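Listed here are the chains, written in short residue letters.
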Amino acid sequence: MTSTVKLTLVEAYQLAYQALLRNGFSAAHADAVAKNVTAGERDGCHSHGLYRVLGCVRSLKAGKVAADAESTLIDNAPAILRVDAQGGFSLLAYQAALPVFIDKVRHCGIAALAINHCVHFSALWADIEPLTEQGLVALACTPSHAWVTPAGGNQPLFGTNPIAFGWPRQGKAPFVFDMATSAAARGEIELHRRANKPLPEGWGIDSHGQPSTDAASVLQGAMLTFGGHKGSALAAMVELIAGPLIGDMTSKESLAYDQQSGSSPYGGELIIAMDPERFLGADKEMHLARAEVLFNDMAAQGARIPGERRFKARQHSEQFGVELPLALYEEIVALS
Ligand code: NDP
Ligand code: PYC
């Protein structure tokens, strides 16, 4: 059995914050990253929890992320905003852009935000929730590094390219799904390798193109998309709309830029948000109630509503804290 360490959420935050600060991140970036990874750990998203501190520090030591970047906003069009992260993590750039972005969504009914030149290591649901909290419907996606083979191929080309969607619900946690377009996130495979656990079948192939359940072999070989050609098409869409469309890198370009340093992906993120109020006016409540019927019908069949597991984990962690594998805890402590 893996030895673990129990931490309150405050202790988890402090552990991450100190490691990031001592390694040279500005207080503002260390705070944003520490909050994000603590939220991941809290919500039971271990592949995007405190484990990510290791990658953030590795990216900094490799010179692949700016420690103190200050983002700049570019007001492109009535419904299009860009924020240039200037080589820093996406998180602070997003925070800086959010108020202007929300104003644009309310004004136009729909608007898009491009985060450019950002280093991206984080789970997308964290970018969706500030929008659903404002009563907005939202969609986000980002390419990553070329790790995933297109359906029918056998060489890495696409990123793990997550797509997240959020729908606000009155008096309830929002409906949020957030999924890699690969069979699993890369971080999940890395955690299997750290824990010496075999992968489920269908996650990847080795460097000879053979199906493999060995995490190290798949990390050397290629990951597979979820749902065969359907996941592959969605992964290609993410490459396009969060790559060339917003003037930023594809996953292949990001991996080339990485120069085998093992840093987090560098490129862009696209976020689109819609205001139900502007679509529906006085009929909004009636139509949002119809959405509730849909959710109730799903639950009535015993289907799990995406996001539910995460919000339950959140409640549990807020009360009881989180448990970290001892080896990971010690690695993060050693960074401080
Ligand atoms: P999962 O496959 O674990 O989950 C994907 C989604 O499906 C979640 O919304 C989850 O809800 C939901 N879900 C899972 N099981 C069920 C079920 N049985 N019934 C209904 N819904 C279900 O996640 P992934 O491995 O695909 O991705 C993990 C994270 O990795 C994401 O947060 C993603 O943003 C992040 N990521 C980030 C990248 C980046 O470049 N920044 C790249 C790739 C991934 P719930 O959360 O409630 O379990
Ligand atoms: O887990 O695939 C992943 C990932 C890539 C970038 C951040 N997370």
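Figured I'd write up the structure that's included with this text. Computed from a predicted model, the values in this text were never measured in an experiment.

Side note on the nonpolar core
The tendency in soluble globular proteins is for nonpolar side chains to be buried side by side.
Point 1. Ranked by size, the top nonpolar core spans 36 residues in total, and within it Leu20, Phe25, Val33, Leu50, Val53, Phe89 and Ile332 carry the most contacts.
Point 2. Those elements giving two or more residues to this core turn out to be β1 (4-7), α1 (9-22), α2 (27-42), α3 (52-61), α4 (90-108), β12 (322-325) and α13 (326-335).
Point 3. Setting aside residues no more than four positions away along its own chain, Leu20 makes contact with Phe25, Ala30, Val33, Ala34, Val53, Cys56 and Val57.

So, the site of ligand 2
Point 1. Taken together, His48, Arg52, His120, Phe121, Trp147, Thr160, Ala185, Arg186, Gly187 and Pro265 make up the full set of residues near ligand 2.
Point 2. Note that a nitrogen atom of ligand 2 is positioned 2.8 Å from one of the side-chain N or O atoms of His48.
Point 3. At a separation of 2.8 Å, an oxygen atom of ligand 2 approaches a polar backbone atom of Gly187.
Point 4. In isolation ligand 2 offers 240 Å² of accessible surface; the protein chains occlude 91% of this area.

Some details on the layout of surface pockets
Point 1. There is about 390 Å³ of room inside the second largest pocket.
Point 2. In terms of lining, the second largest pocket is formed by 18 residues, of which the most central are Ala32, Lys35, Asn36, Gln95 and Ala126.
Point 3. For the lining of the second largest pocket, the leading source of residues is α2, giving six residues.

Focus on the sheet that holds strand β4 (residues 110-119)
Point 1. The strand order β2-β3-β4-β11-β5-β6-β7 describes an open sheet built from seven strands, whose pairing is mixed. The strands lining the two open edges of the sheet, one partner per strand, are β2 (72-77) and β7 (175-179). Each neighbouring strand pair of the sheet contributes to a mean axis angle of 15°, computed without reference to strand direction.
Point 2. Here four bridges tie strand β5 (residues 137-141) to strand β6 (residues 163-167), and the two strands are oriented antiparallel to one another. Its bridge partner being in β6, Cys141 is matched across the sheet by Ile163.
Point 3. This element, helix α8 (residues 229-241), spans β5, β6 and β11 (266-274) of the sheet and lies at about 85° to β6.

Details of the site of ligand 1
Point 1. Around ligand 1 there are 22 residues in total, and Ser122, Asp178, Ala180, Gly307 and Arg309 lie nearest to it.
Point 2. At 2.5 Å, a side-chain N or O of Asp178 approaches an oxygen atom of ligand 1.
Point 3. Here ligand 1, which alone exposes 930 Å², has 74% of that area covered by the protein.
Point 4. Those elements that provide at least two residues to the shell around ligand 1 are β7 and α12 (308-320).
Point 5. In terms of residues, the shell around ligand 1 owes the most to one element, β7, which gives four residues.
Point 6. Looking at the shell around ligand 1 residue by residue, the classes come out as 10 nonpolar, seven polar and five charged.

Remarks on the side chain of Asp43
Point 1. Note on placement: Asp43 falls in the loop between α2 and α3.
Point 2. Here Asp43 falls in the buried class, since its relative accessible area comes to 0%.
Point 3. Polar side-chain contacts of Asp43 include one of 2.7 Å to the side chain of Arg314.
Point 4. If we ignore the near neighbours within four places in the chain, the residues touching Asp43 are Trp125, Arg309, Arg310, Ala313 and Arg314.

Topic: the side chain of Thr225
Point 1. Note that Thr225 resides in the loop between β10 (222-223) and α8.
Point 2. Residue classification places Thr225 among the buried residues on the basis of a relative accessible area of 9%.
Point 3. A polar atom in the side chain of Thr225 sits 2.9 Å from the backbone oxygen of Gly228.
Point 4. If sequence neighbours within four positions are ignored, Thr225 has contacts with Val148, Thr149, Thr181, Ser182, Ala183, Gly231 and Ser232.

Parameters at a glance
- Residues numbered from 1 in each chain as written.
- Chains lettered and ligands numbered in written order.
- Predicted model: local features only at pLDDT ≥ 70, side-chain atom pairs only at ≥ 80, totals over all residues.
- Heavy atoms only, no water.
- Core = buried A, V, L, I, M, F, W, Y, C linked by side-chain atoms within 4.5 Å.
- Buried < 20%, exposed > 50% of the residue type's maximum accessible area, 1.4 Å probe, protein only.
- Helix = DSSP H or I, 4+ residues; strand = E, 2+ residues; numbered from the N terminus.
- Contact = heavy atoms within 4.5 Å.
- Near = heavy atom within 4 Å.
- Polar contact = N/O pair within 3.5 Å; in protein donor to acceptor, adjacent residues only side chain to side chain.
- Areas by Shrake-Rupley, 256 points an atom, 1.4 Å probe, with all protein chains shown as cover.
- 1 Å grid on protein atoms, 1.4 Å probe; cavity = no way out; pocket = protein on both sides within 12 Å on 5 of 7 lines; lining within 4 Å.
- Points joined across faces, edges and corners; volume = space filled by probe spheres on them.
- Pairing = 2+ DSSP bridges.
- Axes fitted to C-alpha atoms, helices over the stretch in contact; angles between N-to-C directions.
- Nonpolar A, V, L, I, M, F, W, Y, C, P; charged D, E, K, R; others polar.

Spatial relationships are all this shows, so hold off on functional conclusions.
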